[in-house]
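What follows is the residue order along each chain.
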Amino acid sequence: GADIREEKALRDPETAREFRTLGRNTLNRIENGKLPVIAAIHGYCIGGGTALGWICDLRVAAENSVFRAGDAYLGVLPSWGMGLTRLPRYVGRNKALDILLLGENFGVKEAYEMGLVTKVVPKDKLMDECMRMAQRICKASPTAIRATRQAMAGNLRRSWDDMVEMELELCEMM
């Protein structure tokens, strides 16, 4: 995300536009890349950090994790394609509004209940659990994993009929 201490630099329209483009491109690369991405989250996950964490395929959070998407309290909009675009599809309209309009901290338990976190572990087990998940994925068919990720990314953007077609095309590739 952004370093709040450098917020003044983001007030320049061109710098702000470049930062938004970088953020959107980063999320799109994570979502559309060939390999699954596992987020290891601990401590504070705020603003752009939430976007980077939530876009990942699997999201493992330590028990000490705290989340906040309080862009409105900095006088900005979430502009990376997460808060206004993906988040309502992940958690529903009402919960997305709760997160964005209130801009309050919420803990790992609530994030897990909303599906923003895959698993909660003690901080000292965080990397072990991420490694376990990565090793498990490595045992699966790379083609099936890639096709599943492609379908999930497409599902956010396509209609039902388009997804049926995409599914048929992906199955033919197997």
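Basis of the calculations
Positions within a chain are numbered from 1, following the residues in the order the chain's sequence is written. Local features in a predicted model are, by the rule used here, given only for residues with pLDDT of at least 70; side-chain atom pairs are given and counted only at 80 or more, and totals for whole chains, interfaces and linings are based on all residues. Hydrogens and water molecules were not included; the side-chain quantities draw on all heavy atoms of the structure. Strands here mean DSSP runs of E at least two residues long; helices mean DSSP runs of H or I at least four residues long; both are numbered from the N terminus. To get the radius of gyration, use the C-alpha atoms; to get the globule rule, take the number of residues to the power 0.38 and multiply by 2.2 Å. Residue contacts follow a heavy-atom distance rule, with two residues in contact if any of their heavy atoms lie within 4.5 Å. What sets the accessible areas is the Shrake-Rupley method with a 1.4 Å probe; for residues, cover comes only from the shown protein chains. This count recognises Lys and Arg as positive and Asp and Glu as negative, with His and chain-terminal groups excluded. Charge placement uses NZ in Lys and CZ in Arg. For Asp and Glu, CG and CD serve respectively. Two strands qualify as a pair provided DSSP detects at least 2 bridges between them. With axes taken as lines fitted to C-alpha atoms, and helix axes fitted only over the stretch in contact, angles between N-to-C directions fall between 0 and 180 degrees. Of the grid points, spaced at 1 Å and generated over the protein atoms alone, those admitting a 1.4 Å probe that cannot get out make up cavities, while open sets with protein on both sides within 12 Å along at least five of seven lines make up pockets; any residue with an atom within 4 Å of a point is treated as lining. Grid points are joined across faces, edges and corners, and a volume is the space filled by probe spheres set on the points. In the scheme used here, Gly and all other residues not listed as nonpolar or charged are polar, with Ala, Val, Leu, Ile, Met, Phe, Trp, Tyr, Cys and Pro taken as nonpolar and Asp, Glu, Lys and Arg as charged.

## Quick look at the overall build of the protein chain
- From N to C terminus, the protein chain includes eight helices and six strands.
- The linear arrangement of helices and strands in the protein chain, starting from the amino end, is α-β-β-α-β-β-α-α-β-α-β-α-α-α.
- In terms of C-alpha radius of gyration, the protein chain reaches 17 Å, essentially the compact-globule figure of 16 Å for 174 residues.
- In terms of overall dimensions, the protein chain has C-alpha extents of about 50 × 40 × 30 Å along its principal axes.
- A separation of at least 24 residues holds for 60% of the contacts in the protein chain among residues at least 6 apart in sequence.
- If you sum the accessible surface of the protein chain, you get close to 11,000 Å²; carbon and sulfur atoms cover 55% of it.
- Once the 25 positive and 23 negative side-chain charges of the protein chain are each reduced to a mean point, those two points are 3 Å apart.

## Points about the sheet that holds strand β1 (residues 38-41)
- With respect to topology, three strands assemble into an open sheet ordered β1-β3-β6, the strand pairing being parallel. Both edges of this open sheet fall to β1 and β6 (119-121), since each of them pairs with a single strand only. Along the sheet, successive strands turn relative to each other by an average axial angle of 20°, direction set aside.
- Here strand β3 (residues 58-62) runs beside β6; their pairing, made up of three bridges, is parallel. In the strand pairing of β6, A61 is matched with V120.
- Packed on one face of the sheet, helix α6 (residues 126-138) meets β1, β3 and β6 and runs near 170° to β1.

## So, the sheet that holds strand β5 (residues 106-107)
- Spatially, the three strands line up as an open sheet ordered β2-β4-β5, and their pairing is mixed. Bordering the open sheet on either side are β2 (44-46) and β5, each of which pairs with just one other strand.
- Of the strand pairs in this sheet, strand β4 (residues 66-68) and β5 are connected by two bridges, and their pairing is antiparallel. Each bridged residue has a counterpart across the sheet, and for F67 the counterpart in β5 is F106.

## Overview of the layout of surface pockets
- Here the second largest pocket is characterised by a volume of approximately 470 Å³.
- Sorting the residues of the lining of the second largest pocket by element identifies β3 and α7 (142-155) as the ones contributing at least two each.
- With six residues, α7 is the single largest residue contributor to the lining of the second largest pocket.
- Broken down by class, the residue content of the lining of the second largest pocket amounts to twelve nonpolar, three polar and four charged.

All we've got here are geometric facts, nothing functional implied.
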